[in-house]
Amino acid sequence: MTSHEVKQAVLTLSHDVGREDRGFAILGEGNTSGRVDDTTFWIKASGGNLATLADSGVVECTFAGINHLIEKEALTDHEIEDGLFASRVDPSSKKPSVEAVFHAVLLQLPGIRFVAHAHPIVTNQILCSPLAEKFATQRIFPDEVVVCGAESVLVPYCDPGLTLARVIQKKTELFIEDYGILPRVILLRNHGAITLGPTPQSAEAAMLMLEKAAKIFVGAASLGGPVFMTPEDVRRIASRIDEHYRQKELNL
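Sequence order sets the numbering: in each chain, residues are counted from 1 along the sequence as written. Note on the predicted model: pLDDT of at least 70 is required for a residue's local features to be given, and 80 or more for side-chain atom pairs to be given and counted; whole-chain, interface and lining totals, by contrast, use all residues. Think of the side-chain values as coming from all heavy atoms in the structure, minus any hydrogens and water.

Novice: How do you make sense of the pattern of salt bridges when you look at a structure like this?
Specialist: Pairs can form between side chains of opposite charge whenever their charged atoms are close. Salt bridge, as used here: a side-chain nitrogen of Lys or Arg that lies within 4 Å of a carboxyl oxygen of Asp or Glu. Counted by the stated rule, this structure contains 9 salt bridges. Residue Arg240 is joined to Asp242 by a salt bridge in which the shortest nitrogen-to-oxygen separation is 2.8 Å. Exposure classes here rest on a 1.4 Å probe applied to the protein chains alone. A residue is buried below 20% of its type maximum, exposed above 50%, and partly exposed in between. By relative accessible area, which is 36% here, Asp242 ends up partly exposed. Linking Glu243 and Arg246 is a salt bridge whose minimum nitrogen-to-oxygen distance equals 2.8 Å. Here the residue Glu243 and the residue Arg246 both occupy positions in helix H11 (residues 241–249), the gap between them amounting to 3 residues, near one helical turn. A residue is classified by how much of its surface remains accessible, and Glu243, at 10% relative accessible area, is buried. Residues participating in the shared-partner salt-bridge network are Asp143, Glu243 and Arg246. By definition, any uninterrupted DSSP run of H or I lasting at least four residues is a helix, any uninterrupted run of E lasting at least two residues is a strand, and each is numbered from the N terminus.

Novice: Please explain the nonpolar core as it appears in this structure.
Specialist: Across soluble globular proteins, you tend to see nonpolar side chains buried next to one another. For our purposes a nonpolar core is just a set of buried Ala, Val, Leu, Ile, Met, Phe, Trp, Tyr and Cys residues, chained together by side-chain atoms within 4.5 Å. Judged by nonpolar contacts, the single largest core of 36 residues is most densely connected at Val17, Phe135, Val147, Leu187, Met207 and Leu210. Those elements that provide at least two residues to this core are helix H1 (3–17), strand E4 (114–118), helix H5 (121–127), helix H6 (132–137), helix H7 (142–148), strand E6 (185–188), helix H9 (200–222) and helix H10 (231–239). Top contributing element to this core by residue count: H9, with 9 residues.

Novice: When you look at the packing of aromatic side chains in this model, what are you seeing that I'm missing?
Specialist: Centre distance and the angle of the planes are the two values used to describe a pair of aromatic rings. Between rings of Phe, Tyr and Trp, where Trp is taken as its six-membered ring, a pair exists when centres lie within 6.5 Å; planes separated by under 30 degrees are stacked, by over 60 edge-to-face, and by other angles tilted. In this structure the tally under the stated criterion is 4 aromatic pairs. Aromatic pair Phe175 and Tyr179: ring centres 4.7 Å apart, planes at 45°, arrangement tilted. Here Phe175 pairs with Tyr179, and both are found in helix H8 (residues 162–179), just 4 residues apart, close to one helical turn. Phe175 sits in the buried class, given a relative accessible area of 7%. Judged by centre distance (6.1 Å) and plane angle (45°), the rings of Phe217 and Phe228 are tilted. Here the residue Phe217 occupies a position in helix H9, and Phe228 occupies one in the loop between H9 and H10, the gap between them amounting to 11 residues.

Novice: Explain the sheet that holds strand E5 (residues 153–155) to me, please; I cannot follow it from the model alone.
Specialist: Hydrogen bonds between backbone atoms are what pair the strands of a sheet, whose relative direction is either parallel or antiparallel. Pairing between strands requires that DSSP locate at least two bridges from one strand to the other. Reading across from one edge, E3-E2-E1-E4-E7-E6-E5 is the order of the 7 strands in this open sheet, with mixed pairing throughout. Sheet topology places strand E3 (58–62) and E5 at the edges, where each strand pairs with a single neighbour. For this sheet, the mean angle separating the axes of adjacent strands, direction not counted, is 20°. Both E6 and strand E7 (residues 192–197) contribute to a ladder of 4 bridges, which runs antiparallel. Across the sheet, residue Val185 finds its bridge partner in E7, namely Thr195. For helices, the fitted line uses only the C-alpha atoms of the stretch in contact; every axis is such a line through C-alpha atoms, and the angle between N-to-C directions lies from 0 to 180 degrees.

Novice: Can you help me understand unusual backbone geometry in this one?
Specialist: Peptide bonds are trans in most cases, and residues, glycine excluded, mostly fall at negative phi. Residues Gly225 and Pro226 are joined by a peptide bond in cis, for which omega reads 0°. Counting through the fold element by element, Pro226 comes out in the loop between H9 and H10. Positive phi, close to 50°, is recorded for Leu27, a residue that is not glycine. A residue is classified by how much of its surface remains accessible, and Leu27, at 66% relative accessible area, is exposed. Backbone geometry at Asn190 places phi at a positive 55°, although glycine is not the residue there. Secondary-structure assignment places Asn190 in the loop between E6 and E7. Judged by its relative accessible area of 46%, Asn190 is partly exposed.

Spelled out as structure tokens, the structure:
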């Protein structure tokens, strides 16, 4: 994809994730990004509304500029702000989202091209409850496994921005070491969710399926459950050839 095509894909992903009827984000909540190549990526500018995001609401940043922030041991809020401005390809563009740091971390994973971050209402009900770990590590129906993966990364509440990005980086690295695969969903306690994948469709689909799973989880909990799939059943779904075919057909 060209830089222009990635930018347009990020705008479309933003509009889809930001739809008011979906309840994923309101006002300035959430952000989206897409990798152009090994040097730059597009991300929502700070304060923009996902649902109504315009061309001027996304900014192209350099990975080198963001990586420079991650590598520093300690930075003040003003230094982080200056670093975000300095990472812009076009100095006249708006300030990147403060979450540009974790987007850069995730977009540099092999095969990841698009990232979506939102605050889905029902998912956050769980993430603000004692049941967050069960929701992250267990599954309740097959399509949750197919679209969201066999498990999700669970991140404790952290100060948004550089601190959160560093914890996401560490937790994601541990997940990859433990399971040998990339996560599709990262859950942030008392905050929201991140979905990632090779296509904008994969990031959007994971967000949609995550919220569906959250609704079923909350409903099942009210009826004395939920009853989780066994680890063997989860592994079986995750390894089925026909499910892999479906993932390919759905651009997951």
